[in-house]
Amino acid sequence: MSMVQIVREQLRSFPAGTIITLDDFKIVGSSRAALAMALTRLTKEGEIRRIRRGLYLKPKTSRFGALPPTSEAMIAGLGMQGKKSYTSGLLAFNKLGLTTQVPNILTLRGGNTTTRFNINGTKFEIKAGRSPKSKRDVPLMVLLDSIREIKNIPDTNLIESIQILKQKISALTRDEKVRLITLALDDKPMVKALLGAILDETNPELTTRIQQSMNTLTTYRLGQTNLKFATKWKIK
């Protein structure tokens, strides 16, 4: 069976409207170059559509013709591409309940460089940042993104945002909180301070590692937070 036939056969398992990356194909003993060539041929034949380098769409059709990929499918596909990116920015903050504002630019985070592009009239931005090591890290990294951007989230205020984040963090399992702290240790000092102040209200025994990583002389000017241990964490 030729490479094109193998790829065509595997394409049948993907629902119409799915965004596909090279990593989605199970090709044994063949190079990625051969796979890419097969995908190029199938693109020319109209069986798939190339969105951008390494990203393809299995078209979903209606009686009016092929439908464009949904924003959700695009975000999922971009996030899977190289397994480097995850949804962040306003869309992620909206899903957390931190804002009601709908973004006009869909943001992902992860990888070495920041890139912006437009697909079917939808604007995308992939911000440079660390990539998740596993899917389980993604919701924790989104929480840290929210803390980092807490003063820039629209249609809310600092106290309301902190209250929501307290609820989200409180709902995590102990293991998830420990992992959240591990991820936070590589983040900005302000993120560590705010996370420490939040955890100090429910799990003070977990905050030692954060305290040990902090500069005790630095203060963080955020404004009124209503956090019980704000002063302890030098938050003003």
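Definitions and limits used
- Residues numbered from 1 in each chain as written.
- Predicted model: local features only at pLDDT ≥ 70, side-chain atom pairs only at ≥ 80, totals over all residues.
- Heavy atoms only, no water.
- Salt bridge = Lys/Arg side-chain N within 4 Å of Asp/Glu carboxyl O.
- Helix = DSSP H or I, 4+ residues; strand = E, 2+ residues; numbered from the N terminus.
- Buried < 20%, exposed > 50% of the residue type's maximum accessible area, 1.4 Å probe, protein only.
- Pairing = 2+ DSSP bridges.
- Axes fitted to C-alpha atoms, helices over the stretch in contact; angles between N-to-C directions.
- Contact = heavy atoms within 4.5 Å.
- Arc of directions from axis to C-beta.
- Expected span 1.5 Å × (residues − 1).
- Polar contact = N/O pair within 3.5 Å; in protein donor to acceptor, adjacent residues only side chain to side chain.
- Parallel < 35°, antiparallel > 145°, perpendicular 65-115°, else oblique.
- Nonpolar A, V, L, I, M, F, W, Y, C, P; charged D, E, K, R; others polar.

### Details of the pattern of salt bridges
Taken as a whole and judged by the stated rule, the model has 14 salt bridges. The residue Asp187 makes a salt bridge to Arg130 at a minimum N-O spacing of 3.6 Å. Of the two residues, Asp187 sits in the loop between helix H7 (174–184) and helix H8 (189–199) while Arg130 sits in the loop between strand S9 (122–127) and helix H5 (138–148), which places them 57 residues apart along the sequence. The class for Arg130 is partly exposed, based on a relative accessible area of 31%. Arg179 is paired through a salt bridge with Asp137; the nearest N and O atoms lie 2.8 Å apart. You can see Arg179 sitting in helix H7 and its partner Asp137 sitting in the loop between S9 and H5, a full 42 residues away along the chain. A cluster of three or more residues bridged by salt bridges with shared partners is formed by Arg109, Arg130, Asp145, Arg148 and Asp187.

### Things to note about the sheet that holds strand S3 (residues 55–57)
Spatially, S1-S3-S2 is the arrangement adopted by the three strands of the open sheet, whose pairing is antiparallel. The open sheet is flanked by strand S1 (19–21) and strand S2 (49–52), the only strands paired with a single partner. Geometrically, the sheet is characterised by an average inter-axis angle of 40 degrees between neighbouring strands, direction not taken into account. As judged from the three bridges shared by S1 and S3, these two strands associate in the antiparallel manner. Each residue of the ladder has a partner; that of Ile19, found in S3, is Leu57.

### A few points about the sheet that holds strand S8 (residues 115–119)
Spatially, S6-S7-S9-S8 is the arrangement adopted by the four strands of the open sheet, whose pairing is mixed. Sheet topology places strand S6 (86–88) and S8 at the edges, where each strand pairs with a single neighbour. Direction aside, neighbouring strands of the sheet carry axes that sit 35 degrees apart on average. Relative to S9, S8 runs antiparallel, the two being bridged by five bridges. Among the inter-strand pairings, Ile119 is bridged to a residue of S9, identified as Thr122. Together, S6 and strand S7 (105–109) form the strand contacts of helix H4 (residues 89–96), whose direction differs from that of S6 by roughly 80 degrees.

### Things to note about H7
Residues of H7 that are buried: Lys177, Leu180, Ile181, Leu183 and Ala184. What you see down the axis of H7 is that its buried residues fit within an arc of 160 degrees, all on one side. Contacts made by the buried residues of H7 are with H5, helix H6 (158–170), H8 and helix H9 (208–213).

### Here we look at H6
Taking 1.5 Å of rise per residue, 13 residues should cover 18 Å, and H6 covers 18 Å from first to last C-alpha, within 8% of that figure. Taken together, the buried positions of H6 are occupied by Leu158, Ser161, Ile162, Ile164, Leu165, Lys166 and Ile169. Structurally, H6 contributes buried residues whose contacts are with H4, H5, H7 and H8. Taking the backbone nitrogen of Ile159 as reference, a side-chain oxygen 3.1 Å away marks Asn157 as the first, capping residue of H6.

### Observations regarding the packing of H5 against H8
Packing of H5 against H8 brings their axes to within 9 Å, and their N-to-C directions diverge by 105 degrees. Taken together, the axis directions place H5 and H8 in an arrangement best described as roughly perpendicular. Between H5 and H8, the residues in contact are Leu144, Ile147 and Arg148 and Met190, Val191, Leu194 and Leu195, respectively. Across the contact of H5 with H8, the residue classes break down as six nonpolar, no polar and one charged.

### As for the side chain of Ser161
Looking at where Ser161 falls in the secondary structure, it is placed in helix H6. The exposure class of Ser161 is buried, given its relative accessible area of 0%. A polar atom in the side chain of Ser161 sits 3.3 Å from the side chain of Thr156.

Function cannot be inferred from these measures alone, as they are strictly geometric.
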